Amino acid sequence: MAENRPISTFLVIISCFLSHLTPSIELSPWPVEIAPRIRVDPDAIAVASTDFGKQVHPPNPAAALYPSSVQDIATLVNFSYNLSSPLSIAARGRGHSLLGQAMAPNGVVVEMASLNNVSSGGSRITVSGSYADVGGEQLWVDLLQATLKHGLAPVSWTDYLYLTVGGTLSNAGISGQAFHRGPQISNVLELDVITGKGEFVTCSKDTNSELFFAVLGGLGQFGIITRARIPLEPAPKRAKWIQLLYNDFSAFSKDQEHLISINNGLDYLEGLIFLQNSLPSNWESSFPPSDHPRISSLISKYGIIYCIEAVKYYDDSTSHTVDQELQELLKGLNFLPDFIFTKNLSLVDFLNRVRGAELALRSQQLWDVPHPWLNLFVPRSRISDFNSGVFRDILPKLNQTTAPLLVYPMNRNKWDDRMSAVTPDEDIFYAVGLLHSSGANDWEPLENQNKEVLQFCEKAGIKIKLYLHGYKTKEEWATHFGPKWRTFEDRKAQFDPKLILSPGQQIFKSI
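Description of the structure in this document. Not measured: the values here are computed from a predicted model. (Residues numbered from 1 in each chain as written. Predicted model: local features only at pLDDT ≥ 70, side-chain atom pairs only at ≥ 80, totals over all residues. Heavy atoms only, no water.)

This part takes up the overall build of the chain. A count of helices and strands for the chain gives 17 helices and 19 strands. By the compact-globule yardstick of 24 Å for 511 residues, the chain fits well, its C-alpha radius of gyration being 23 Å. Across its three principal directions, the C-alpha atoms of the chain cover 75 × 50 × 45 Å. Sorting the 511 residues of the chain into buried and exposed places 57% on the buried side. Within the chain, residue pairs in contact and separated by at least 24 positions form 75% of the contacts whose partners lie at least 6 positions apart. Total accessible area on the chain is roughly 21,800 Å²; 50% of this is exposed by carbon and sulfur atoms. The centroid of the 44 positive side-chain charges in the chain is displaced by 1 Å from the centroid of its 52 negative side-chain charges. (Helix = DSSP H or I, 4+ residues; strand = E, 2+ residues; numbered from the N terminus. Rg over C-alpha atoms; globule rule 2.2 N^0.38 Å. Buried < 20%, exposed > 50% of the residue type's maximum accessible area, 1.4 Å probe, protein only. Contact = heavy atoms within 4.5 Å. Areas by Shrake-Rupley, 256 points an atom, 1.4 Å probe, with all protein chains shown as cover. Lys, Arg positive; Asp, Glu negative; His and termini not counted. Charge placed at Lys NZ, Arg CZ, Asp CG, Glu CD.)

Spelled out as structure tokens, the structure:
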């Protein structure tokens, strides 16, 4: 049975000029407990109406909640649930969604970061031996720093660490560790969740398991994650980072699949693609300046170059053997022999490697720009066709510089099929990321290119799964979830029957 905490129903009459902001709705007075935390001023509304993608502009929310406690969030959801016409509610972490997924048109956006800003609460991260209890609003980079003080760390990451725990767990959370550690959703012991009924529920694989599996990868449809218990392991101190260049996709993909098949092998593996129309800044920072001319010549010669990034962690006890271990792992690979590069970084510098690029882009006013990204999972059996049709044909045609392009394999057996997240139905599938950015007014050609990629996949019969993206109709979502759709619908009816949560995903229409 769910663990329910009493929600006060006392209301206070407040004047908030909501009729001027959203004349199409009428709100009952806010509950007295959260009235001081409700904001309707232009600054708060503006923040709640933007995201990293900067491509969609739905109607503004009616208000934003800046909670001082988890109970504030439960009070808001319970309040909405008991209205004759419920308000939609979306939890917003860092606003890193791409297409308005964390927005709530005419509803209420919960600014989760406020939980970490209240002076009395402080950082909601507690390290206890083999796990850490961490607030859903906390950033992964802060969890890393907190656990390293104890010589420990989580084992599965995203490439960019300035994302919230609740946000990535609502999607999947992937990076180069996922092939053997699984996505972040496969590395959770317990959750605290506020359901669409306003109930506060603690859940795990053994307790309230239906909610636990629903929420992980559930796109915010079943509850708001307010705490996650993340398993920890002894943290390595350093990372040996190897980069291998290829001019042949077959060799590149074959070697990637071989490397992820080795038990106790690499700790991280991703793949990159460099095109002739790639920005040099996308790859130059990864290689010694003295090698830039010959790498540039290689890209010009072949038009496209593939790069494996492989990492082996080590510490003081293994520093004398890590090079030999890597040599053994790389035996028999078919990379270009004169194009192997090695770097030696601290664990923090490696895991937080994207931060430097972010700061550089911010200094050039190039971070807060539209990001017409496209992230896909492609079945292994069709990745060669995808390379021919997309990497070699569609992408080079656009007369616009391309951003980082990722392609790397994962093992499906590291994903728990009881969770809401979906993958292609093959033992190995590839994560593909077309991580474009653009000027304020020229993102549409890139978005049209993304549509061309999807049309190519549909016409070619490549059964991809979108990741961090989305659809606009219930029918499209049903196709996306496939055999899981009925379960997804049943869980929605059980945990959010009035369709209050995460309207920006456009899976269910509010009643």
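A separate point is the sheet that holds strand β1 (residues 38-39). Backbone-to-backbone hydrogen bonds join strands into a sheet, with any given pair of strands oriented parallel or antiparallel. With mixed pairing, 4 strands are arranged side by side in an open sheet as β1-β2-β4-β3. Every other strand in the sheet has two partners, leaving β1 and β3 (89-92) as the edge strands with one partner each. (Pairing = 2+ DSSP bridges.)

Here we come to helix α3 (residues 70-81). Compared with an ideal rise of 1.5 Å per residue, which puts 12 residues at 16 Å, α3 spans 17 Å between its outermost C-alpha atoms and is within 8% of the ideal. Counting buried positions over the 12 residues of α3 gives 10, a clear majority of the element. Restricting attention to buried positions, one finds in α3 the residues Val70, Asp72, Ile73, Ala74, Thr75, Leu76, Val77, Asn78, Phe79 and Ser80. The elements touched by buried residues of α3 are β2 (63-65), β3, β4 (108-111), β8 (190-195), β9 (200-204) and β10 (223-231). (Expected span 1.5 Å × (residues − 1).)

The next subject is empty space enclosed by the protein. Tallied over the entire structure, the rule returns 2 cavities of 30 Å³ or more. Empty space within the largest cavity amounts to approximately 50 Å³. Gln221, Leu501, Ser502, Pro503 and Phe508 are, among the 10 residues lining the largest cavity, the residues nearest its centre. Residues belonging to the lining of the largest cavity are distributed by class as follows: 5 nonpolar, 4 polar and 1 charged. Of the volumes computed, that of the second largest cavity is approximately 30 Å³. Every residue lining the second largest cavity is listed: Trp140, Pro154, Val155, Ser156, Gln184, Asn187, Ile230 and Pro231. Broken down by class, the residue content of the lining of the second largest cavity amounts to 5 nonpolar, 3 polar and no charged. (1 Å grid on protein atoms, 1.4 Å probe; cavity = no way out; pocket = protein on both sides within 12 Å on 5 of 7 lines; lining within 4 Å. Points joined across faces, edges and corners; volume = space filled by probe spheres on them. Nonpolar A, V, L, I, M, F, W, Y, C, P; charged D, E, K, R; others polar.)

All right, on to the environment of Ser420 then. Note that Ser420 resides in the loop between β17 (405-411) and β18 (428-434). The class for Ser420 is buried, based on a relative accessible area of 2%. In sequence terms Ser420 and Phe481 are 61 residues apart; their C-alpha atoms lie 8.4 Å from each other. Within the structure, Ser420 has its side chain in polar contact with the backbone oxygen of Ala214 (distance 2.7 Å). (Polar contact = N/O pair within 3.5 Å; in protein donor to acceptor, adjacent residues only side chain to side chain.)

A word on unusual backbone geometry. One non-glycine residue, Asn208, lies in the positive phi region at around 50°. Among the secondary structure elements, Asn208 is positioned in the loop between β9 and α7 (209-215). Look at Asn208 and you get partly exposed, because its relative accessible area is 22%. Despite not being glycine, Leu499 shows a phi value in the positive range, around 55°. Looking at the secondary structure, you find Leu499 in the segment after α17 (485-495).

If you look at the biggest cluster of nonpolar residues, it comprises 131 residues, and the most contacted ones within it are Leu169, Leu191, Leu245, Phe386 and Phe391. Sort the elements by how many residues they give to this core and strand β14 (residues 304-314) lands first, with 9 residues. Contact partners of Leu169, with chain neighbours within four places excluded, come to Trp140, Gln184, Ile185, Val188, Leu191, Val215, Leu216, Gly217, Ile225, Ala228 and Ile230. Counting 25 residues, the second largest nonpolar core, distinct from the first, contains Trp30, Leu83, Val108 and Phe200. (Core = buried A, V, L, I, M, F, W, Y, C linked by side-chain atoms within 4.5 Å.)

With that out of the way, let us pick up the packing of aromatic side chains. One pass over the full model with this rule turns up 32 aromatic pairs. Ring centres of Trp30 and Phe79 lie 5.6 Å apart, and the angle between their planes is 45°; on these two criteria the pair is classed as tilted. Of this pair, Trp30 sits in the loop between α1 (18-21) and β1 while Phe79 sits in helix α3, and the two are 49 residues apart along the sequence. On the numbers, 5.8 Å between centres and 75° between planes, the contact of Phe377 with Trp415 is edge-to-face. Here the residue Phe377 occupies a position in strand β16 (residues 374-379), and Trp415 occupies one in the loop between β17 and β18, the gap between them amounting to 38 residues. One exposure class covers both Phe377 and Trp415, and it is buried. Members of the aromatic cluster, connected to one another through ring pairs, are Phe222, Tyr471, Trp477, Phe481, Trp485, Phe488 and Phe508. Its end group placed over the ring of Phe339, Arg294 keeps NZ or CZ at 4.4 Å from the ring centre. Here the guanidinium or amino end of Arg353 rests over the ring plane of Phe350, the centre of that ring lying 4.4 Å away. (Phe/Tyr/Trp six-rings, centres within 6.5 Å; stacked < 30°, edge-to-face > 60°. Lys NZ or Arg CZ within 6 Å of the ring centre and 35° of its normal.)

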